[in-house]
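Observations on the three-dimensional arrangement
Okay, here's what each chain looks like letter by letter:
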Amino acid sequence: MSVSVLSPTRLLGSISGLLHVASLLLLVLLLLKAAQLYLLRQWLLKAVQEFPSPPSHWLFGHNQEFQTDQELQQFQKWVEKFPCACPRWLWGSRVSLMVYDPDYMKVVLGRSDPKNHGSYRFLAPWIGYGLLLLNGQTWFQHRRMLTPAFHYDILKPYVGLMADSVRVMLDKWEELISQDSHLEISEHISLMTLDTIMKCAFSQKGSVQTDSKSQSYIQAIRDVKTLFISRVRNFFYQNDIIYWLTPEGRWNQRACQLAHQHTDRVIKLRKAHLQEEEELEKVRRKRNLDFLDILLFARMKNESSLSDKDLRAEVDTFMFEGHDTTASGISWILYALATHPEHQQRCRKEIQSLLGDGASITWDHLDQMPYTTMCIKEALRLYPPVPAVGRELSKPITFPDGRSLPRGIHVSLNFYALHHNPKVWPNPEVFDPSRFAPGSDSHSHAFLPFSGGSRNCIGKHFAMKELKVAVALTLLRFELAADPLQAPIPLPNIVLESKNGIHLKLRKLL
Ligand code: HEM
């Protein structure tokens, strides 16, 4: 019997041989990847060749132009220079056609292209595949199931709940301004809109505005939103494995966990409540169910079509979409009115003559404030809470001017740029509510704060009611003025935010 023992020299020799082969393999893989990226870039360059754009770096794309806080100003320069649309290179092998023309918008929104998988998928660890991220048949089924949650009969009693939440916030403001009339409003408004959606869609009792657990939810989603933007823009963060190993990836994971703890608590509480026979009967007797009850009942009835994971995704989606967008909307509307005192005063007069001291506000009142509604729309034009959305072309497209794009190209419907396009809105930077006067004539796709087509915002009526309640009750209680030392710096993140918050000077009126 012979035993062969490897001598140390032979062992070292075989290890170095293995390393040699491995490095050769790695080199081949890198070369293949580089060739693949090169070919992809050539294909993309050809695909968007009909659309001129400012020169871009072969690796960093247009990132340098967009790195400062001047991203929105940059959009405006492009809008003026390149008609209808312009390719924006994120880096050498990733481009998205930025669209800001109403006819272009109409063509894209009239199709059923899926959401742009490249960036929307980064939201999935947080909000899961709920209505916002779903596509195809499952999206259609969920949309049909949830649409009744926004029926007028359901929304009507919400006005009282909305007003209660706004009043809690205004009471807090009264106390705070007794010491200092300057206030950063957007954080208070986020908590207030979270309070509203928790009461309306999730049947929660009590106010979350004084609960520190809700503040940690708000902080967690603030973190995930910032991390989302950072991930979209970083070439190295595109790969999941690499990303989740980085400190940002781990921070993202922790923030998602915190956000999920909040939504899990909400589902658990409501389930426990529905165990009580009396509450269950009350809900069964309703003609239309609240949002969470629709989901819980669907889960009870047919376990296979809606899993626990689907249910959680919808709750996470609506918890976020249902409060963060309205918080952005209300904050910017109040800022717009603070910087335009003459319009603010006209709205106040209208609201005073309708509501008196505002002790009661009902659904019917909300259709009787035409000037305030015009100001709200004008503020949504200047500061659209959702600045842009993305699509991935599922088939070739030809725009009305004859230019076309092949399947697979990403398109960004840039509502901010559309709303600031001087060809669509003359003097776009001027706050002029008369643009929305009854009978004024504008393109059906010139004003799209809630997007359009089949994937428009399911919560738009809910949102408009909430904006009106918040604006009406605030103007009755306070006079608003801008703080000249702390002008907001708008940033187009998932929702339109201000880098340094929104600071106003408040004076109590009643
Ligand atoms: C001022 C407030 C709001 C604005 C400006 C707004 C805007 C939008 C926009 C632009 C979209 C299209 C997103 C895309 O295509 O990727 C959208 C979708 C959506 N919004 Fe809103 N939204 C607001 C309030 C709300 C509220 C209050 C809710 C829920 C209560 C809500 C729930 C949703 C959902 C679930 C979707 C996805 C719909 C689908 O794809 O079928 N939104 N919203």
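All values reported here derive from a predicted model rather than from experimental measurement.

A look at the coordination of the iron atom of the ligand
- With respect to protein ligation, the iron atom of the ligand binds only Cys457 (SG), at 2.3 Å.
- Inspection of the secondary structure assignment puts Cys457 in the loop between helix 19 (415-419) and helix 20 (460-477).

As for the UniProt feature "binding site: heme" (unreviewed entry) in the chain
- The sites that UniProt annotates as "binding site: heme" (unreviewed entry) are Cys457.
- Leaving out residues up to four positions away in the same chain, Cys457 has contacts with Arg143 and Phe450.

A few points about the packing of aromatic side chains
- For the structure on display, the rule yields 21 aromatic pairs.
- Taking the centre distance of 4.0 Å and the plane angle of 5° together, the rings of Tyr104 and Phe399 count as stacked. Of this pair, Tyr104 sits in helix 3 (residues 102-109) while Phe399 sits in the loop between strand 5 (397-398) and strand 6 (404-405), placing them 295 residues apart in sequence. Across the pair, exposure class does not vary: Tyr104 and Phe399 are buried alike.

Notes on the side chain of His503
- Along the chain, the position of His503 falls in strand 11 (residues 503-508).
- Polar contacts involving the side chain of His503 include one to the side chain of Gln486, which spans 3.4 Å.
- A distance of 3.0 Å separates a polar side-chain atom of His503 from the backbone oxygen of Asn500.
- With near-sequence residues (within four places) excluded, His503 lies in contact with Leu183, Glu184, Asp483 and Gln486.

Quick look at the site of the ligand
- As a matter of local geometry, the ligand sits amid 28 residues, with Tyr120, Trp139, Arg143, Arg455 and Cys457 nearest to it.
- A distance of 2.7 Å separates an oxygen atom of the ligand from a polar side-chain atom of Arg143.
- Within the side chain of Glu321, one N or O atom sits 3.0 Å away from a nitrogen atom of the ligand.
- Going through the elements one at a time, helix 6 (136-146), helix 15 (308-321), helix 16 (324-338), strand 4 (388-392) and helix 20 are the ones with two or more residues in the shell around the ligand.
- Residues belonging to the shell around the ligand are distributed by class as follows: 17 nonpolar, six polar and five charged.

Quick notes on the pairing of strand 11
- Taken together, the three bridges between strand 3 (residues 182-184) and strand 11 define a ladder with antiparallel strand orientation. Bridge pairing in strand 11 links Leu183 to Leu504.
- Sheet analysis places strand 8 (residues 478-482) next to strand 11, joined by five bridges and oriented antiparallel. Paired with Phe478 across the bridge in strand 11 is Lys508.

Quick look at the sheet that holds strand 11
- Ordered in space as 3-11-8, the three strands form an open sheet in which the pairing is antiparallel. The sheet terminates laterally at strand 3 and strand 8, the two strands that pair on one side only. For this sheet, the mean angle separating the axes of adjacent strands, direction not counted, is 40°.
- Here helix 16 sits on the sheet and contacts strand 8 and strand 11; the angle it forms with strand 8, its principal contact strand, is near 80°.

Description of the packing of helix 14 (residues 291-301) against helix 15
- One can describe the packing of helix 14 onto helix 15 by two numbers: an axis separation of 10 Å at closest approach and a directional angle of 175°. On the basis of the axis angle, helix 14 is roughly antiparallel to helix 15. Residues Phe291, Leu292, Leu295, Leu296 and Arg299 of helix 14 pack against Asp308, Leu311, Glu314, Val315 and Phe318 of helix 15.
- Along the lines of polarity and charge, the residues of the contact of helix 14 with helix 15 split into seven nonpolar, no polar and three charged.

How each quantity is defined
Residues numbered from 1 in each chain as written. Predicted model: local features only at pLDDT ≥ 70, side-chain atom pairs only at ≥ 80, totals over all residues. Heavy atoms only, no water. Donors = N, O, S within 2.8 Å, 3.2 Å for Na, K, Ca; no water. Helix = DSSP H or I, 4+ residues; strand = E, 2+ residues; numbered from the N terminus. UniProt positions renumbered as here; feature names shortened; annotations may be inferred. Contact = heavy atoms within 4.5 Å. Phe/Tyr/Trp six-rings, centres within 6.5 Å; stacked < 30°, edge-to-face > 60°. Buried < 20%, exposed > 50% of the residue type's maximum accessible area, 1.4 Å probe, protein only. Polar contact = N/O pair within 3.5 Å; in protein donor to acceptor, adjacent residues only side chain to side chain. Near = heavy atom within 4 Å. Nonpolar A, V, L, I, M, F, W, Y, C, P; charged D, E, K, R; others polar. Pairing = 2+ DSSP bridges. Axes fitted to C-alpha atoms, helices over the stretch in contact; angles between N-to-C directions. Parallel < 35°, antiparallel > 145°, perpendicular 65-115°, else oblique.

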